[in-house]
Amino acid sequence: GPIERFDVVADANLRDATLAARIVATPFADLPLVSAALDARGVNAAQWDPSWPVTDLTLMLVARPEGERFVGTIDARNAQAGPIDAARIPAESLTSRFAWQDGTLALEDTAVRIAGGGAASGRITMPTRGGASDGALQLRQIDLARIQSTLPTTRLSGTLAASASTSADCFR
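Please read all numbers here as calculations on a predicted model, not as lab measurements. (Residues numbered from 1 in each chain as written. Predicted model: local features only at pLDDT ≥ 70, side-chain atom pairs only at ≥ 80, totals over all residues. Heavy atoms only, no water.)

A. Up close: the side chain of S96. Along the polypeptide, S96 turns up in strand β6 (residues 91-101). Non-local contacts of S96, meaning those with residues more than four positions away in its chain, are made with G72, T73, I74, L107, E108, D109 and T110. (Helix = DSSP H or I, 4+ residues; strand = E, 2+ residues; numbered from the N terminus. Contact = heavy atoms within 4.5 Å.)

Printed below as a string of structure tokens:
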């Protein structure tokens, strides 16, 4: 008979990363995707493109449709955090709820731990097809030297509101 609901489970090794995915689908329903989950370990972005930073990422992503959008959670850990000028990403971890709709990714309840004990929390909205990104983050004990080693050592705290596009950037 027809398959009304099925699970697809896949495991792979790719460029030294270990990937596990699970998709639950109802192919004949109005909404064929029920949920998707990805568990990736040992992901080094520099292995995908040499111009990208060196990472050692562990990523857990869970998504499901909700009306006209996809919603879910992301939990990322980076064991190779470091300053940008050392070809690293300064973030040690990122957790967030997300929604993706009409080419825009919105991160809510986002928490980022920065190398050196700093942290940022808040929201970020990024279009995936051009347009302006914007966000509002609460910063705690951010050391700029951990982000870019040529900058002075700091312990910045406060609120950062920003918008950025290809034509103009605004930081407050």
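B. The environment of G135, seen in detail. Inspection of the secondary structure puts G135 in strand β9 (residues 133-142). Taking relative accessible area as the criterion, G135 reaches 13% and is therefore assigned buried. Separated by 106 residues in the primary sequence, G135 and A29 have C-alpha atoms spaced 36 Å apart. (Buried < 20%, exposed > 50% of the residue type's maximum accessible area, 1.4 Å probe, protein only.)

C. Here's a closer look at the pairing of strand β3 (residues 33-43). The pairing of strand β2 (residues 17-25) with β3 spans eight bridges and is antiparallel. Paired with A20 across the bridge in β3 is D39. Relative to strand β4 (residues 57-66), β3 runs antiparallel, the two sharing seven bridges. Following the sheet pairing, L38 is matched in β4 by L61. (Pairing = 2+ DSSP bridges.)

D. Main features of unusual backbone geometry. With phi around 60°, A87 is a residue other than glycine that occupies positive phi space. A relative accessible area of 39% places A87 in the partly exposed class. Despite not being glycine, D109 has its phi angle at roughly 50°, a positive value. Note that D109 resides in strand β7 (residues 104-114).

E. Just the environment of A25, in detail. Structurally, the position occupied by A25 is in strand β2. Of the residues examined, A25 reaches a relative accessible area of 11% and is grouped as buried. Taking the C-alpha atoms as reference, A25 lies 5.5 Å from F6; in sequence the two are 19 residues apart. Ignoring sequence-local partners within four residues, the contact set of A25 consists of E4, R5, F6, P32 and V34.

F. Region of interest: the pattern of salt bridges. Counted according to the given criterion, the structure contains eight salt bridges. For D7, the salt bridge is made with R22, and the minimal N-O distance between the two is 2.3 Å. Here D7, found in strand β1 (residues 6-14), pairs with R22, found in strand β2; they are 15 residues apart in sequence, far enough to count as distant. A residue is classified by how much of its surface remains accessible, and D7, at 40% relative accessible area, is partly exposed. For R22, a relative accessible area of 40% translates into the label partly exposed. The salt bridge partner of R113 is E92, with a shortest N-O separation of 3.0 Å. (Salt bridge = Lys/Arg side-chain N within 4 Å of Asp/Glu carboxyl O.)

G. Spotlight on the environment of Q47. Along the chain, the position of Q47 falls in the loop between β3 and β4. When the C-alpha positions of Q47 and L14 are compared, they lie 9.9 Å apart, and in sequence the two are 33 residues distant. Residues in contact with Q47, not counting those within four places in the same chain, are R15 and D16.

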